[in-house]
Amino acid sequence: MTLNAKKALVAALSVVFLGSLLIVAWIEGGKQRFAPEPESLLSEESRGCYRCHLEKTPAIVGQWIGSRHGALGIGCFECHRAEEKDVDGWKHGGRWIATIVTPDDCKRCHAAIADEFSKSAHSRAADVAGSMDAVLAERLQGRASAQVGCERCHGMKVEFRRDEAGKIVKDSEGKPLFAEGVWPNTGMGRINPDGSRGACTACHSRHRFDIAMARRPEACGKCHTGPDHPQEEIYTESKHGVAFTNALSQGLMHLEKREWVVGRDYSAAPTCATCHMSATPDLPMTHDPSSRLSWTCRPAVSVHPEDWEINRDNMKSVCMNCHSPAWVDGHFAQYDAAVDLWNRRFGEPGLKIMEALAGAGLITPKPFDDPIEWTWYFLWHREGRQARMGSAMMGPNYAQWEGFAEVAAHFFDRFVPQARELAKARPEASGALEQVLASPEYDGFRAAGDEDRSRAEAFYRGRYRQGIR
Amino acid sequence: MIAKRFLAERLPLRTGALREGLNEPIPGHLKRWWFALGGTPLYLFLVQVVTGILLTFYYVPAPDRAYDSVRRITEEVSFGWWIRSLHRWSSHLMIASVILHVLRVFFTATYRKPREFTWMVGAAVLGTTFFFGFTGYSLVYEQLSYWGATVAGNLTAAAPLVGPFLARMLRGGETISDNTLTRFFVLHIGILPTVLFLLVGAHLLLVRLHGVSRLESPAEEDRRTFPFFPDHVLTECVVFLTLTVLLNTLACAFPAGLSERADPLNPPPHIKPEWYFYFTFRWLKLTGLKTAVATLGAAGAVFLLWPFVDAGLRRRRPGSEASLLLGALGFLGVVALTVWEALA
């Protein structure tokens, strides 16, 4: 090739090179050009909301833009739309909308999930209004405390302010006004004006509806915490929680994945969602966490729910993604034994003793006016639950020191002496009490004696060079 | 004139020497395109340096952030996809061109006395380039990155005597850990570029000291020489421009993607290294860890010292084509293992 031909070739290739740079620029420009403006994807109705609320509530709009709904163009109106006949509906910006988005609204797109949720204990969370907890909150603490405490998790009935004629009071824009104290109300079992129960935003915080956030243990921990249901604390102290903290710091949880199947999308640690809700290679995702529970540890005496064998198999199937059958069977055998122990030694006898005292008229029908009622309530409702839930979720401290140790101490040292003192007044009550306590279940306690004391003395003297008395 | 004198006083360059250097007579056979393969990897390396520097503006060498930073580069940063794709494709082309250059030198036997050191430095360039590629894809922190590094760590540890020490040095501990990514990063952006610059410098210096090699029995038109500038420079310009257009085309048509994030507890069922390690991976699967390390180590040593091995063979059997045959067999073996692994 001649020198001139080479020069011509270099010139031609330079032009091609510049042309290829234009293609690069076109692709880059296209990335920006085709990145859809949120507004362009919206329906006509939602576009109006978007424009105005971008000014008035930019943070809400910002959350929504970053959400999957935002990416798909599912706008304000698609979720907030209402009919003129709806109790909570009002005309805003020329359209009928409702402030509250209920599971029935979400159901328009998420039908299967809404149906699952409606079967779950979560959807019945507001039923707590009939419990001793509600008596404590409403009668002893006061209404306002129930609203900011219990109902923030359990939800309450959404009611509107009404005039003397019973008509809903509206503001100058025609928006119905909530009855005093019922809003905010994003508790799991909210009873909605359309009759549906629940608030999807309890876990899927609006307006981002971040699936990764809902899968984090902290999402459940907003409510499943504290002395009467310390699931988050138990999880955190368990090996599962330790592994999660570690895996999260290493970026191994992939919480943002669409399906999030254990063993396929992640494997480093489970969160609450993994065991109770999320998909496995063998189980579909469920919004009814009860479908994997084989005991309920909430009442004084634990019982199996309906279909508990199926639920047990479901949960075992989840466990076996990471554990061997021997491990899983062994865990459930230990858990069953711990729950049985609670029922036999503390739950059932305690209930019998309280019924005997009540039957003999030694405690009044009025709740929480006898000291023994407090002792019994805290025994099963706090310590007893901690013992059982700690056993369920492999939290040794909650099973032992926050659980069974407190239970045993308060049962034998507080509850039984208080019951004996009350029963003195009625021989039949005293007889019933002693009959309960004569059970072989307490043989171990009765048998504790000098030998145990001597052994303990020897232990402390040997290890710490001091006695224990 | 004043400006020229001002500069000449302050930069006393010997323009005569520069002209002499640029007018180095080039043997006629270098007019053939495939003899321009030596400059190709150098050009691609420069592309890698420029794009690599731009990538370090956004890359974060921490296990919990590396993958996301690469994703950000690919999806969010302006022209990030392009820079990353150029970097990736130029790495593939660089490795391919170094291999082709080695093959050309081997089969034209231009490594023979007195150019043994030139070959050895070139062999070191090839090894460094492989190591460059390996540390590069490890930085992405996708599944291939993590498990590739695991396999490489195990291979290194299986080497006799110094293996465990080298593996510990490479990984920053007994296993892949936070230290590993930092070490790979430092290797990839600091140590290896320096080593490669020094090796390429030494390689070019040796080429200039010995002069470009002559073919053993050149054709008549190859006996003539031509000037380095502008003739050969223009040839290289054509090669560089063609490569640039090719790189742009590859970057636009097949931009660098991103597979699964590294998961140390979840080895993927089917994993393969980059294509240039296929032959070692297949050999590893065929022979087992210890044998593979021993045989690959021995083959590497023979490759490095090939000019002396070749000289020994020719001394024993003058006129024989045994060296050529052995090289051809070795090359075919590597190709066969590579194809086998690719199809597996």
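Here goes a summary of the coordinates provided. (Residues numbered from 1 in each chain as written. Chains lettered and ligands numbered in written order. Predicted model: local features only at pLDDT ≥ 70, side-chain atom pairs only at ≥ 80, totals over all residues.)

### Thoughts on the interface of chain B and chain A
Taken together, the contact between chain B and chain A spans 23 residues of the former and 21 residues of the latter. Looking at which element gives the most residues to the side of chain B that touches chain A, the answer is helix α11 (residues 228–253) of chain B, with 13 residues. Here the side of chain B that touches chain A is built from residues that sort into 12 nonpolar, 7 polar and 4 charged. (Contact = placed C-beta atoms within 7 Å. Helix = DSSP H or I, 4+ residues; strand = E, 2+ residues; numbered from the N terminus. Nonpolar A, V, L, I, M, F, W, Y, C, P; charged D, E, K, R; others polar.)

### Digging into the environment of V436(A)
All names here are of chain A. Along the chain, V436 turns up in helix α21 (residues 427–437). Judged by the 19 C-beta atoms lying within 10 Å of it, V436 is partly exposed. A sequence separation of 91 residues divides V436 from R345, and the C-alpha atoms of the two residues are 9.9 Å apart. Non-local contacts of V436, meaning those with residues more than four positions away in its chain, are made with P349, K352 and I353. (Buried ≥ 20, exposed ≤ 12 C-beta atoms within 10 Å, placed from the backbone.)

### Here's the deal with the pairing of strand β1 (residues 89–92) of chain A
Residue and element names in this part refer to chain A. Bridge analysis of β1 against strand β2 (residues 95–98) gives 4 bridges, and the strand direction is antiparallel. Of the residues in β2, the one forming a bridge with H92 is R95. Count of turn residues in the β1/β2 antiparallel hairpin: 2 residues, of which G93 carries a positive phi of about 60°. (Pairing = 2+ DSSP bridges.)

### Observations concerning the packing of helix α5 (residues 80–107) of chain B against α11(B)
All names here are of chain B. For the pair α5 and α11, the least separation of the axes is 9 Å and the interaxial angle reads 120°. Our classification of the angle between α5 and α11 gives oblique. Crossing of α5 against α11: the hand is right-handed. The residues of α11 that touch α5, namely those facing W82, S85, L86, W89, S90 and L93, are L243, L247, L250 and A251. (Axes fitted to C-alpha atoms, helices over the stretch in contact; angles between N-to-C directions. Parallel < 35°, antiparallel > 145°, perpendicular 65-115°, else oblique. Left-handed = near helix turned anticlockwise from the far one by under 90°.)

### Things to note about the packing of helix α7 (residues 143–157) of chain B against helix α8 (residues 163–171) of chain B
Residues and elements named next belong to chain B. Axis separation between α7 and α8 bottoms out at 7 Å; the angle between their running directions is 150°. Between α7 and α8, the angle is such that the two are roughly antiparallel. Counted together, G153, T156 and A157 of α7 and G163, P164, L166, A167, L170 and R171 of α8 form the full contact between these two elements. By residue class, the composition of the contact of α7 with α8 is 5 nonpolar, 3 polar and 1 charged.

### Side note on unusual backbone geometry
Residue H207(A) follows R206(A) across a cis peptide bond; omega there is 0°. Here K113(B) and P114(B) are connected by a cis peptide whose omega angle stands at 10°. With respect to the element layout, P114(B) can be found in the loop between α5 and α6 (116–139). The phi angle at D307(A) is positive, at roughly 60°, despite the residue not being glycine. In this structure, D307(A) sits in the loop between α16 (272–276) and α17 (308–319).

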